[in-house]
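# Fold and geometry: a report
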Amino acid sequence: YLRKYTCTRDLDWLKNEDVHLLNVTDSEFIFARMTPGIDIYNITKHPFLYFAQPDHIEELGIISTDVAIDFVKNWNRDNTNITVLHFIARSGSTLVSNLINKTGQFRVISEPGPLFDISVQCAEDPTLLSNPQTVAKLRAALLFITQAPPGTNIFLKNHVVDLDHMHLYQQALPGIREVFLYRSLRPWYTSYMSMRVIMFALDSVPSFSLFKRLLDHHRFRSMQFMNRMEAKGLDTVEKYLLYYAVHQVTKFISLCAIRDDLTAYSYESLVENPKAFISHLLDKTGVGSQWAELALTAMKEDSQQSNDIINRGAIAAIKKKANIALDKASVSFIIDYAEREHGIQIVGENLKIANVPCQWNTAREQ
């Protein structure tokens, strides 16, 4: 669609309410004017914003990153109405977003493409993490993404390839609220790998060589990045994915060491006591737990129902067909690695991450 629609526009065009930030490249911000009347924030119909937007593009406009940063330099506002959900994919983030959405008290922005773009850039070039320009770019992207009428509460479900740059969010928008969602490793791996098998049109777990090529082709990871991972000894799909999940947790843990405003939630605590979970999260957003009962009506629905690829039925079917399971060597590897390198304890049959700081759970609540 870039080749079909691309044009360069003046800055007044950005003030059109139907114009939204679509992507961020190394040097440009790409905006799209959407078809009027299309509610792209309706997560019941469009659970992923980056999937919904391209289907409704009327016109594109491109400005340089420097111009975009300068355009918003004087946009000063209270950011405490924005809650960012960081997460490990397949940990219940779409369900949580639907719970929040059911209250009617938020604009839920689910997985905007520009945040994925910036995370990929940082993952591929770690020197960007210490570059002030990266913070300025992230700030501009967040400001464009979260534009809304005054008084609107924003729940932003992040969209990242990993969380190496998570510490930059508070620098970019001081005052935002941030939470983290994760899951025990065995059910996480089964769910995540099932999703990838479906998305990549496979019948079973691929070889690591094929997996690298598929990630590169779909722009999740470059081949150069994956080769660096393999050089570290992550030479199977199972080892790489378990390492990937633990790596995200370590990024959150490192922030907990220097900040006292963060909260981690496990998917298991949501399943164990949905009302306590959503009540605590709603209090965390500042909106309040009085909306918990309304939020819980989302528990009766499949949060991925509108997604033909990864709804509950599709995931359940491929789990059975592909016989997706962890081997003992990979389990031993991740338990040893997490304890030795990060002091993270992984326990039990489901490989529960037992000692995440800043963690909320129903036992603590009681």
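Located above this text is the structure these notes cover.
Because the structure is a prediction, the values reported are computed rather than measured. (Residues numbered from 1 in each chain as written. Predicted model: local features only at pLDDT ≥ 70, side-chain atom pairs only at ≥ 80, totals over all residues. Heavy atoms only, no water.)

### Concerning the state of the cysteines
Under the definition given, this model contains 1 disulfide. Each sulfur in the disulfide pair Cys256 and Cys358 lies 2.4 Å from the other. With Cys256 in helix 11 (residues 237-256) and Cys358 in the loop between strand 10 (352-353) and strand 11 (359-360), this residue pair connects regions lying 102 residues apart in the sequence. A relative accessible area of 12% places Cys256 in the buried class. (Disulfide = S-S within 2.5 Å. Helix = DSSP H or I, 4+ residues; strand = E, 2+ residues; numbered from the N terminus. Buried < 20%, exposed > 50% of the residue type's maximum accessible area, 1.4 Å probe, protein only.)

### Section: helix 16 (residues 328-342)
Taking 1.5 Å of rise per residue, 15 residues should cover 21 Å, and helix 16 covers 21 Å from first to last C-alpha, within 8% of that figure. Along helix 16, the residues that are buried comprise Ser330, Val331, Ile334, Tyr337 and Ala338. Projection of helix 16 onto a plane perpendicular to its axis shows the buried side chains occupying an angular sector of 140°, all on one side. Of the exposed residues in helix 16, those oriented more than 90 degrees away from the buried face are Lys328 and Arg340. At its buried positions, helix 16 is contacted by helix 8 (185-199), helix 11 and strand 9 (346-347). The N-cap of helix 16, judged by a side-chain oxygen 3.2 Å from the amide nitrogen of Ala329 a few residues on, is Asp327. Positive backbone phi, approximately 70°, marks Gly343, located one or two places after helix 16. (Expected span 1.5 Å × (residues − 1). Arc of directions from axis to C-beta. Contact = heavy atoms within 4.5 Å. Polar contact = N/O pair within 3.5 Å; in protein donor to acceptor, adjacent residues only side chain to side chain.)

### Examining unusual backbone geometry
Positive phi values are uncommon outside glycine, yet Arg90 reaches one of about 70°. Looking at the element boundaries, Arg90 is found in the loop between strand 4 (82-87) and helix 4 (93-102). Residue classification places Arg90 among the buried positions, given a relative accessible area of 16%. Of note, Leu351 is a non-glycine position whose phi angle comes to about 60°, a positive value. Examined against the element boundaries, Leu351 turns out to sit in the loop between strand 9 and strand 10.

### Some words on the sheet that holds strand 1 (residues 19-24)
With antiparallel pairing, the 3 strands of this open sheet are ordered in space as 1-2-3. The open sheet terminates on both sides in strands that have one partner only, identified here as strand 1 and strand 3 (57-64). Shown here is a sheet whose adjacent strand axes are inclined to one another by a mean of 30°, direction ignored. Two elements, strand 1 and strand 2 (residues 28-34), share 5 bridges in a ladder whose sense is antiparallel. (Pairing = 2+ DSSP bridges. Axes fitted to C-alpha atoms, helices over the stretch in contact; angles between N-to-C directions.)

### Some points on the pattern of salt bridges
Tallying each qualifying case throughout the model produces 14 salt bridges. A salt bridge links Glu349 to Arg186; the nearest nitrogen and oxygen atoms lie 3.8 Å apart. Taken together, the residues span a long stretch of sequence, with Glu349 in the loop between strand 9 and strand 10 and Arg186 in helix 8 at a distance of 163 residues. Judged by relative accessible area, which is 61%, Glu349 ranks as exposed. Lys212 serves as the salt-bridge partner of Glu230, at 2.6 Å between the closest nitrogen and oxygen. (Salt bridge = Lys/Arg side-chain N within 4 Å of Asp/Glu carboxyl O.)

### Focus on the packing of helix 9 (residues 208-217) against helix 11
Interhelical geometry of helix 9 versus helix 11 gives an angle of 50° and a closest axis separation of 9 Å. Here helix 11 runs oblique to helix 9, going by the angle between their axes. Listed contacts from helix 11 to Phe208, Phe211 and Leu215 of helix 9 are Val237, Tyr240 and Leu241. Here the residues of the contact of helix 9 with helix 11 are counted per class, giving 6 nonpolar, no polar and no charged. (Parallel < 35°, antiparallel > 145°, perpendicular 65-115°, else oblique. Nonpolar A, V, L, I, M, F, W, Y, C, P; charged D, E, K, R; others polar.)

### Some details on the sheet that holds strand 8 (residues 263-266)
Taken in spatial order, the 6 strands line up as 5-6-4-7-8-11 in an open sheet, and their pairing is parallel. On the outer flanks of this sheet lie strand 5 (106-110) and strand 11, each paired with one strand and no other. Bridge count between strand 7 (residues 177-182) and strand 8: 4 bridges; the pairing is parallel. From the neighbouring strand, Leu181 faces strand 8, where its bridge partner is Tyr265. Lying over the sheet, helix 13 (residues 274-285) contacts strand 4, strand 5, strand 7, strand 8 and strand 11, oriented at roughly 155° with respect to strand 8.

### Quick word on the packing of helix 8 against helix 11
Where helix 8 meets helix 11, the closest approach of the two axes is 11 Å, and the angle between their N-to-C directions is 115°. By crossing handedness, the relation of helix 8 to helix 11 is classed as right-handed. Here Leu185, Trp188, Tyr189, Tyr192 and Met193 of helix 8 come into contact with helix 11, specifically with Val237, Glu238, Leu241, Leu242, Tyr244, Ala245 and Val246. Grouping the amino acids of the contact of helix 8 with helix 11 by side-chain chemistry returns 11 nonpolar, no polar and 1 charged. (Left-handed = near helix turned anticlockwise from the far one by under 90°.)

### Description of the pairing of strand 3
Extensive coverage of strand 3 is indicated by the burial of 6 of its 8 residues. In this structure, strand 2 lies alongside strand 3, joined through 7 bridges in antiparallel fashion. The residue of strand 3 that forms the bridge with Ile30 is Ile62.

### Points about helix 10 (residues 223-231)
The α-helix advances 3.6 residues per turn, and as a result positions three or four apart in sequence lie on the same side. For helix 10, the full list of buried residues reads Phe225, Met226 and Met229. Mapping the buried residues of helix 10 onto a view down its axis gives an arc of 95°, with all of them on the same face. With respect to the buried face of helix 10, the exposed residues turned more than 90 degrees away are Gln224 and Ala231. As for helix 10, its buried residues are in contact with helix 5 (113-124), helix 9 and helix 11. The positive-phi residue at the C-terminal boundary of helix 10 is Gly233, with phi of around 100°.

By themselves these figures say nothing about function.
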